[in-house]
Amino acid sequence: MMRDLKRMVRRMKTNRASLRLSMVPYSLWIILFVIAPIGLIVYYSFFDLSGNFTFDNYKNFFTSVYLKLTVSSFWYAFLITFFSLLISYPTAYFLTKLKHKQLWLLLIIIPSWINLLLKTYAFIGLMGLYGPVNALLETVGIGKQQILFTDFSFVFVSVYIFIPFMILPIFNALDKLNPALIDASRDLGANAWTTFRRVIWPLTLNGVKSGIQVVFIPALSLFMITRLIAGNKVITLGTAIEQQFLVTQNWGMGSTIAVFLILFMVVILLLTTANERGMAGSGKKR
Amino acid sequence: MKALVRGAILIAATAAILMIINAQLAKSGAQSGGNTLTVYNWGEYIDPDLIKQFEKETGINVIYETFDSNEGMMGKIEQGGTSYDITVPSEYMVEMMREKDLLIPLDYDKIPNIKNIDPYFMDLPFDPDNTYSIPYFWGTLGIAYNPTLLDGQTFESWDNLWDPSLKQEAVLVDSAREVIGMSLNSLGYSLNSTNIDELREATDKLKTLSPNIKAVIGDEVTQMMMNNEAAVSLIWSGQAADMMSENEDITYVVPEEGSNLWFDNIVIPKTVKNIDGAYEFINFMLRPEVAAQNADYVGYSTPNKEALSLLDPEVVSDERYYPDEKAREHLEVYKDLGLEMLGTYNELFLEFKMNMK
């Protein structure tokens, strides 16, 4: 289908009407499933509880509660992304060196087929006071610890959930890396660290950036895990949106928080893609 | 060109399927009417054998659907397109639904068994003269705790929760009105307070509870208490009963400053299709032996006076589930405070949760 399309596009270059026609499916999709929902969210954000047009929701967002919430959401999303990257990059690197790398990759991906809620409940059992983790700690002589409902458990479970999404793009980038480049770098006298820093890392940076995007953005709006694993001691923007819609029935305020969440995501997306281009350019110069 | 057309058709089909699913969801249970009755109730809130018995006796086919929050239930009824014949809102939700004109006034000529309900539970402020609702179950909010995990700490007062010996022990339900209401009660204020100064004071007091809080969670509380994962919890009486049936060490108490007295009530919503069937069902549920069997299964307290003599005397005389009238004096029923106030409660609750560390 892709090749068909390309050939068609070439043929249609002179034919504007057909070109416009070829846009129909894509624009239809974007209007129906991207623009319309976002438009609705923005629309709802301008109404108060009694259905009057207002900017109060936006004013309300800048009170201490929601600003603090935003800061803490960013902090935890940062931690989750950072640790995911820390674990995923070496994992992806060693995966590419393995004989049956596709099989190993599959084994890492498979847990992401299991429902998120099920995995979360499994962790409640594992990390409980009488769970296997504490039993182990006790036999080792460390003694029982409160693991559930701490920052540690929250970041740990989230990182576990996000790791496959971080590994995939990095693995692909590493896999595509031409081994001749590494040989060349070693031949020219660079040691392993310099080779990594000056050759491997810059060339796989795009994979890292896609990984950061697919982890950081959803991590900003995690909600269920905040309650089940962190006992609401960690609160994210996602929790606040859920509460506004389901409990307070203040769709206006819920939408306003969602609008800000979308804005944050756009900024992150712009930051990571803009740098990408810059990097590619400077890479060429080198 | 073919690929393009196919693409466009695919998108149109996706949109159409989504619309059909949406329509189907909206009218789930819409087959009601004729000889079916759609009952929309909380999960695990009726003895399934009773539904079978009702179907057998009347020949009416019952569709049983469940919800897990008052607000969600009201949303579905308000949007219309559904045909729920019976639903069971809590007291403040009866008030809210009445104001929104979502309920049908009950015709008591068709419910002779109303005589079995204890007059104490009739004609309450949230529905004067029981125009729209009949109490289904009632209960309290209190503290369930496990003495074997504590060093002799007891809970005559809400303030006992603040005891320094309970570091990281207490689990609270994730619900703004319950938690802030508890703090209001501990300060001697009404749990229906709309005075912002009192609410602030209650929130500030709650913040000092933070060191003692293990978690703020939902229904998982029950499981945690059963497994000895938590020693103390702020919880409703029915869930406390669930815990105790699994773990005999646990006990339940309503502190002396007072607490919440709640009711879930049978109503006929505006979406009703089979109104005769609905009356038959209500009348059936009010039979003493049916109410007793149901209370035995569900574990909450029944307002059915005649059913009490059919229940295990040990349960009925248990002050924790059936507090006597003197003890009930300190209990307060939630009033619908309006969405604006509900928002304030929730924002304060959010503030408290964010300061928990």
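Residues numbered from 1 in each chain as written. Chains lettered and ligands numbered in written order. Predicted model: local features only at pLDDT ≥ 70, side-chain atom pairs only at ≥ 80, totals over all residues. Heavy atoms only, no water.

Student: What exactly am I supposed to notice about the overall build of chain B here?
Tutor: If you tally the helices and strands in chain B, you get 14 helices and 10 strands. Taking 357 residues into account, the globule formula puts the C-alpha radius of gyration at 21 Å, and chain B, at 23 Å, falls close to it. On the principal axes, the C-alpha backbone points of chain B span a range of 70 × 65 × 40 Å. Long-range pairs, those at least 24 residues apart, make up 75% of the contacts in chain B between residues at least 6 apart in sequence. Roughly 14900 Å² of accessible area belongs to chain B as shown, and the carbon and sulfur atoms make up 52% of that amount. Taken together, the 26 basic and 58 acidic charged side chains of chain B have centroids lying 9 Å from each other. (Helix = DSSP H or I, 4+ residues; strand = E, 2+ residues; numbered from the N terminus. Rg over C-alpha atoms; globule rule 2.2 N^0.38 Å. Contact = heavy atoms within 4.5 Å. Areas by Shrake-Rupley, 256 points an atom, 1.4 Å probe, with all protein chains shown as cover. Lys, Arg positive; Asp, Glu negative; His and termini not counted. Charge placed at Lys NZ, Arg CZ, Asp CG, Glu CD.)

Student: Help me understand the domain arrangement of chain A, please; the structure alone is not making it clear to me.
Tutor: Note: interface size is frequently given as the accessible area lost on complex formation between the parts. All names here are of chain A. Here chain A is partitioned into domain 1 (1-44) and domain 2 (58-285). The centre of domain 1, based on its C-alpha atoms, is set 32 Å off from the matching centre of domain 2. On the side of domain 2, 6 residues touch domain 1, which itself brings 4 residues to the contact. Summed over the three residues of domain 1 that lose the most area to domain 2, namely Ile41, Val42 and Tyr44, the buried surface amounts to 87% of that side. Along the contact surface separating domain 1 from domain 2 lie 0 salt bridges. Our count for the domain 1 to domain 2 interface comes out at 0 residue pairs in polar contact (both at pLDDT 80 or more). Of the residues that constitute the side of domain 1 that touches domain 2, the class distribution is 4 nonpolar, no polar and no charged. (Domains from an automatic or database assignment. Buried area = accessible area lost by both parts, 1.4 Å probe. Salt bridge = Lys/Arg side-chain N within 4 Å of Asp/Glu carboxyl O. Polar contact = N/O pair within 3.5 Å; in protein donor to acceptor, adjacent residues only side chain to side chain. Nonpolar A, V, L, I, M, F, W, Y, C, P; charged D, E, K, R; others polar.)

Student: Honestly, a negative patch on the surface in this entry has me stumped. Any pointers?
Tutor: Taken together, the side chains of Glu319(B), Asp324(B), Glu325(B) and Glu329(B) define an acidic patch exposed on the protein surface. When you line up the elements, Asp324(B) lands in the loop between α12 (313-316) and α13 (325-328). (Patch = residues over 30% accessible without salt bridge, like charges linked within 9 Å, V, L, I, M, F, W, Y side chains within 5 Å.)

Student: Would you mind showing me how to read the packing of aromatic side chains here?
Tutor: Note on aromatic pairs: each is described by the distance of the centres and the angle between the planes. Counted by the stated rule, this structure contains 48 aromatic pairs over all chains. Judged by centre distance (5.2 Å) and plane angle (80°), the ring pair of Phe74(A) and Phe264(A) falls under edge-to-face. Note that Phe74(A) is positioned in helix α4 (residues 64-97) and Phe264(A) in helix α13 (residues 251-285), a separation of 190 residues in sequence. When the ring centre of Tyr345(B) is taken as reference, the NZ or CZ atom of Arg177(B) above it lies at 5.5 Å. (Phe/Tyr/Trp six-rings, centres within 6.5 Å; stacked < 30°, edge-to-face > 60°. Lys NZ or Arg CZ within 6 Å of the ring centre and 35° of its normal.)

Student: I keep staring at the nonpolar core and nothing clicks. Help me out?
Tutor: Among soluble globular proteins, nonpolar side chains are generally buried collectively. Ranked by size, the top nonpolar core spans 176 residues in total, and within it Phe154(A), Tyr45(B), Leu161(B), Val232(B), Ile282(B) and Met285(B) carry the most contacts. Examining the composition of this core, we find that 12 residues originate from one element, helix α8 (residues 151-176) of chain A, more than from any other. Ignoring anything within four residues of it in the chain, the contact list for Leu161(B) reads Ile143(B), Phe155(B), Leu166(B), Met182(B), Leu209(B), Asn212(B) and Val232(B). (Core = buried A, V, L, I, M, F, W, Y, C linked by side-chain atoms within 4.5 Å. Buried < 20%, exposed > 50% of the residue type's maximum accessible area, 1.4 Å probe, protein only.)

Student: Would you explain the interface of chain B and chain A in this entry?
Tutor: With 37 residues of chain B at the interface, the matching set in chain A holds 36 residues. Carbon and sulfur atoms supply 64% of the area that chain B and chain A bury against each other, a total of about 3500 Å² over both sides. Our count for the chain B to chain A interface comes out at 1 salt bridge. Note that Arg227(A) is salt-bridged to Asp174(B), the shortest N-O span being 3.7 Å.

Student: How should I be thinking about the domain arrangement of chain B in this particular structure?
Tutor: Each domain of chain B was delimited in the assignment, giving domain 1 (1-26), domain 2 (27-137 + 264-324) and domain 3 (139-261 + 331-354). Averaged C-alpha coordinates put domain 1 of chain B and domain 2 of chain B at centres separated by 41 Å.

Student: So what exactly am I meant to see when it comes to empty space enclosed by the protein here?
Tutor: Any empty space left between the atoms is revealed when a probe the size of a water molecule rolls over them. All names here are of chain B. With the rule as written, the count across this model stands at 5 cavities of 30 Å³ or more. In this structure, the largest cavity spans a volume of roughly 100 Å³. Lining the largest cavity, in full, are Ile117, Pro135, Tyr136, Phe137, Ile266, Met285, Leu286, Ala291, Asn294, Thr302, Pro303 and Asn304. Among the elements of the structure, β4 (133-145) and α10 (288-298) are those that each provide at least two residues to the lining of the largest cavity. With 3 residues, the top contributor of residues to the lining of the largest cavity is β4. For the lining of the largest cavity, the class distribution of residues is 9 nonpolar, 3 polar and no charged. (1 Å grid on protein atoms, 1.4 Å probe; cavity = no way out; pocket = protein on both sides within 12 Å on 5 of 7 lines; lining within 4 Å. Points joined across faces, edges and corners; volume = space filled by probe spheres on them.)

Student: Is there a simple way to explain the pattern of salt bridges in this structure?
Tutor: Once the charged atoms of two side chains with opposite charge are near each other, the side chains can pair. Counted under the stated rule, the structure contains 13 salt bridges over all chains. One salt bridge connects Asp175(A) with Lys101(A), and the closest N-O pair in it is separated by 2.8 Å. Remark: Lys101(A) occurs in helix α5 (residues 101-109) and Asp175(A) occurs in helix α8; sequence separation between them is 74 residues. A residue is classified by how much of its surface remains accessible, and Asp175(A), at 33% relative accessible area, is partly exposed. Between Glu57(B) and Arg287(B) there is a salt bridge, with the nearest N and O atoms lying 2.8 Å from each other.

Student: Looking at this structure, I do not really get the environment of Val232(B). What am I missing?
Tutor: Residues and elements named next belong to chain B. Position of valine 232 relative to the elements: it lies in strand β7 (residues 232-236). Measuring from C-alpha to C-alpha, the distance between valine 232 and tyrosine 252 comes to 9.7 Å, with 20 residues separating the pair along the chain. In contact with valine 232, other than residues within four places in its own chain, are Ile143, Ala144, Tyr145, Leu150, Phe155, Leu161, Leu166, Glu169, Ala170, Val171 and Met225.

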